[in-house]
Amino acid sequence: MASMNFGEFCGQHGIVHEVTTPYSPQSNGAAERKNRTLKEMMNAMLISSGLPQNLWGEAILSSNYLLNKVPRKNQDKTPYELWKGRKPSYKYLKVWGCLAKVVVPTPKKMKIGPKTVDCIFIGYAHNNTAYRFLVYESNNPDVHKNTIMESRNASFFEDVFPCKSKEGQSSSKRVFDDTMNKSDDSEVELEPRRSKRARVEKTFGLDFLTFLLESEP
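Residues numbered from 1 in each chain as written. Predicted model: local features only at pLDDT ≥ 70, side-chain atom pairs only at ≥ 80, totals over all residues. Heavy atoms only, no water.

Caption draft 1: Expanded view of the confidence of the model for the chain. Summarising the model, the chain shows a mean pLDDT of 81, and 75% of its residues fall at 70 or more. Under a pLDDT of 50 for its full length, residues 183–188 has, in the predicted model, three contacts with residues more than four places off or in other chains. (pLDDT = per-residue confidence, 0-100. Contact = heavy atoms within 4.5 Å.)

Caption draft 2: Looking closely at helix α3 (residues 56–67). Given a rise of 1.5 Å per residue, twelve residues ought to cover 16 Å, and the 16 Å separating the end C-alpha atoms of α3 matches this to within 8%. Taken residue by residue, α3 has E58, A59, S62, S63 and L67 as its buried positions. Buried-residue contacts for α3 involve α2 (29–49), α4 (79–84), β2 (116–124), β3 (131–137) and β4 (148–151). (Helix = DSSP H or I, 4+ residues; strand = E, 2+ residues; numbered from the N terminus. Expected span 1.5 Å × (residues − 1). Buried < 20%, exposed > 50% of the residue type's maximum accessible area, 1.4 Å probe, protein only.)

Caption draft 3: Quick look at the pairing of β2. The buried fraction of β2 amounts to seven of the nine residues, a majority that puts the element mostly inside the structure. For strand β1 (residues 99–103) and β2, the ladder comprises five bridges, and the chain directions are antiparallel. If you follow L99 over to β2, its bridge partner there is I120. As defined by bridge partners, β2 adjoins β3 across six bridges and the pair is classed as antiparallel. Note that in β3 the partner of G123 across the bridge is R132. (Pairing = 2+ DSSP bridges.)

Caption draft 4: Geometry of unusual backbone geometry. Positive phi values are uncommon outside glycine, yet Y23 reaches one of about 60°. Along the chain, Y23 turns up in the loop between α1 (2–12) and α2. Judged by relative accessible area, Y23 falls into the exposed class, the value being 83%. Positive phi outside glycine occurs at N146, with the angle close to 65°. When you line up the elements, N146 lands in the loop between β3 and β4. Overall, the relative accessible area of 57% leaves N146 in the exposed class.

Caption draft 5: Quick look at the layout of surface pockets. Of the pockets and cavities examined, the largest pocket occupies roughly 400 Å³. What lines the largest pocket is a set of 18 residues, among which Y65, K69, Y80, Y92 and N128 lie closest to the centre. No other element matches the four residues that α4 contributes to the lining of the largest pocket. Of the residues contributing to the lining of the largest pocket, the split by class is nine nonpolar, five polar and four charged. (1 Å grid on protein atoms, 1.4 Å probe; cavity = no way out; pocket = protein on both sides within 12 Å on 5 of 7 lines; lining within 4 Å. Points joined across faces, edges and corners; volume = space filled by probe spheres on them. Nonpolar A, V, L, I, M, F, W, Y, C, P; charged D, E, K, R; others polar.)

Following this line, the structure appears as structure tokens:
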């Protein structure tokens, strides 16, 4: 039904709708390259944040949101500026997958208890200026874990990733602490690296003499 409406729209406005040959993605290189860019950004965001793969849709939408605010090659203006006629603002951009303390909406607030819930920032709202969050921990009976909520009233901790592997973070911290403890009283002495390659005696023939010079004490 949607394709028929689109065909009628193109016919009414004199638009020739050209399509690619089936099973030949190489004939539409611009779209395929953009899809690849979005997938690479999505994969990097999921890995760096530690979030599960079932949130790939939120990562794709956030990637596209960011790309529309980045200048294109050989162009000074961003797609957002070309479409809206004004420059985009970057002040409200946040690190994807970070921890956020979101204020509980007024209808769901408790008189006694926490006023915020721990959430994970997963993107930007589609039809308003709010942020999108995945509830990570909640002590409020009206705000359930693993649900998505939208809000503008939140505090972000952009260097904290709740879903990231804690084992990697703890091992890195142990290495750092051990190095700092050793360097408190004395400098850490590192043994110089020595070559393990076998030494081969060289000869230059009978016409040359080799002398070994000893340095004076």
